[in-house]
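Reading the structure
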Amino acid sequence: MATDVTFLPTKKPRRSTRLVVREIEDHKETIIRHGPLGYFNILPLELRFYLFNFLTIEDLSILTITSKIMRNLVEGYRITQPVTLHITPQPHNHVFKPPEHYELYFEKYEKLGLLMKRSTCLYATKDRLRVINDFLTKMMCCNSENDHDRENCISLTCFGKFFHTVIAGWDDTECLKAFEAICNHTSLLKNIKTVVTAKAGSYPKIELSMRLLIRRVFLDPCPSLMDKAFWLTRILKPWPMVTQARIIYLLYGASKDGDIFWFEMCENTPINTEQSLSHFSEIAECIQLLFNYKKEWSEDDIVSVVDELTSSPDEWLAENVANLLLLCGDKITSKLLISKAINGRIIELCSVTTSFCLVCVKNSYSLSCVMIMVQNILQVMDNSKDRLLFINSMMDMFKELILDMHEFTESEEVHDSDLFYMVTALTEFTKRTIQMAFKNMLL
């Protein structure tokens, strides 16, 4: 006969609460002692990110170099939105700031660039460039409602500070990849082609956009002259000489209120030294930069570029050519004038040389540099007949300029001023020439 047997459930052995708590504490202590993040190991991820909200950009940047685990944690925090809104300097970068706040604002973006550089240090170059392009998208003025006043917006300048901080220490091949990535992202090369193949001034908005983008992102924030020469070379070298000259004027030519004065050099001359520096100093600095970047530019390249520049978009007035060359310095000027002398371009040579005298008188410069140039030109001429032709042609050029000025200038005030300067230039040049000719008798 079967009997029902009822088995009572086995009772769990009693365990002390104190021992459970002790076990939990021992586990936490092990995690803290042996874990890569110490106390951070026992915190939930949300709480870690919350604590990061109280750190500055500099603090986060330092954390990224403490360990790989911490770097990954900071990088995760950086790419999490909207948690990291406090990282980007506020107010929004497209709001126009008072000039006295510029440096502080730029400094914040440099620090943000350093954070980005450190937090993405283990990324492949293409992945880092993707991060840079994403950042650029937010900074482009065309993505802002303030697009109508790009000249006064500091957004691209902020991105330039950020960009150059991120790529600091990259080799040339990586920098070239960065250049190509930004060009593709912004259609830079396509827009340059549109501008340089059309009549100068046909696309004023695109011209201004190209000027601001290239200068504020690639050129102006460069930490050294050699870096600036590198980026300027990347921009110019893909194009033929004629186009290179157009791009240089696009970047550094005379402008006002966002309009580039393409024909200013062909029609007017500076009224004073201040305007002369305003029109020509940046172009001259650009040419000097390329001249000293021997790695990719030869002296013949520079002579050709200057020659094309002073013919773009039409022939420059001789006085403007002289203004530019005087600011370019003796070496570049001598190379250009000697090139003209060797190629028999005597009329151009005389026109520029007489204009040198005029510019020196107007700006109260010494004519010593002009006399040295004349001597250098005479030395490269093969025979005495060519030398005599050059001297005679130069004096005839003075005569023609004075007569034309006397006959065709309409305004009496301008007439008297220009005529005075021209006659003074002739007088000073003649004095110097006579002193050199009779040097032995005057001692």
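In what follows, the structure referred to is the one given above.
This text gives an overview of the structure that appears in the document. (Residues numbered from 1 in each chain as written. Predicted model: local features only at pLDDT ≥ 70, side-chain atom pairs only at ≥ 80, totals over all residues. Heavy atoms only, no water.)

Re helix α7 (residues 155–166)
Worth spelling out the cut-off: Going along the chain from the N terminus, every DSSP run of H or I of four or more residues is numbered as a helix, and every run of E of two or more is numbered as a strand. For a helix, the expected span equals 1.5 Å multiplied by the number of residues minus one. Each residue is assigned to one of three classes by its accessible area relative to the maximum for its type, calculated with a 1.4 Å probe on protein chains only: buried under 20%, partly exposed between the two thresholds, exposed over 50%. It only takes one pair of heavy atoms within 4.5 Å for two residues to be counted as in contact.
With 12 residues, α7 should cover 16 Å at 1.5 Å per step; its first-to-last C-alpha distance of 17 Å lies within 8% of that length. Where α7 is concerned, the buried positions are S155, L156, T157, C158, F159, G160, F162, F163, H164, T165 and V166. Buried positions along α7 lie against α5 (102–119), α6 (125–139), α8 (172–186), α10 (204–219) and α11 (225–236).

Notes on the packing of aromatic side chains
Which entries qualify depends on this criterion: In this analysis, rings of Phe, Tyr and Trp, with Trp reduced to its six-membered ring, are considered paired at centre separations within 6.5 Å, and the interplanar angle assigns stacked below 30 degrees, edge-to-face beyond 60, and tilted for intermediate values.
Overall, the coordinates contain 22 aromatic pairs when judged by the stated rule. Ring centres of Y102 and F106 lie 5.9 Å apart, and the angle between their planes is 40°; this geometry places the pair in the tilted category. Residue Y102 and its partner F106 are located together in helix α5, separated by 4 residues, close to a single helical turn. According to the relative accessible area criterion, F106 is buried, its value standing at 8%. With a centroid separation of 5.2 Å and 80° between ring planes, the pair formed by F230 and W231 is classed as edge-to-face. Residue classification places W231 among the buried residues on the basis of a relative accessible area of 3%.

A look at the nonpolar core
Most often, soluble globular proteins keep nonpolar side chains buried together rather than apart. Using the following cut-off: Residues belong to one nonpolar core when they are buried, are Ala, Val, Leu, Ile, Met, Phe, Trp, Tyr or Cys, and are joined through side-chain atoms within 4.5 Å.
One finds F159, F163, F218, W231 and W316 to be the most contacted residues of the largest nonpolar core, which totals 125 residues. W231 has contacts with F163, H164, I167, C175, F179, F218, L219 and C222, leaving out every residue within four places of it along the chain.

What to know about the pattern of salt bridges
The cut-off we apply is this: Note on definitions: salt bridges are taken to be side-chain nitrogens of Lys or Arg within 4 Å of carboxyl oxygens of Asp or Glu.
Scanning the model with the defined rule gives 16 salt bridges in all. Notably, a salt bridge pairs R215 with D220, separated by 3.7 Å at the nearest N-O pair. Shared partners join several salt bridges into a network, and the residues in it are D307, K340, R345 and E348.

A few points about unusual backbone geometry
A negative phi angle is the norm for most residues apart from glycine, just as the trans form is the norm for most peptide bonds. P313 follows S312 through a cis peptide bond whose omega is -5°. Even without glycine at this site, D257 takes up a positive phi of about 55°. Along the chain, D257 turns up in the loop between β1 (255–256) and β2 (259–260). Classification of D257 as exposed rests on a relative accessible area of 66%. Backbone geometry places S364, a non-glycine residue, at a positive phi of 60°.

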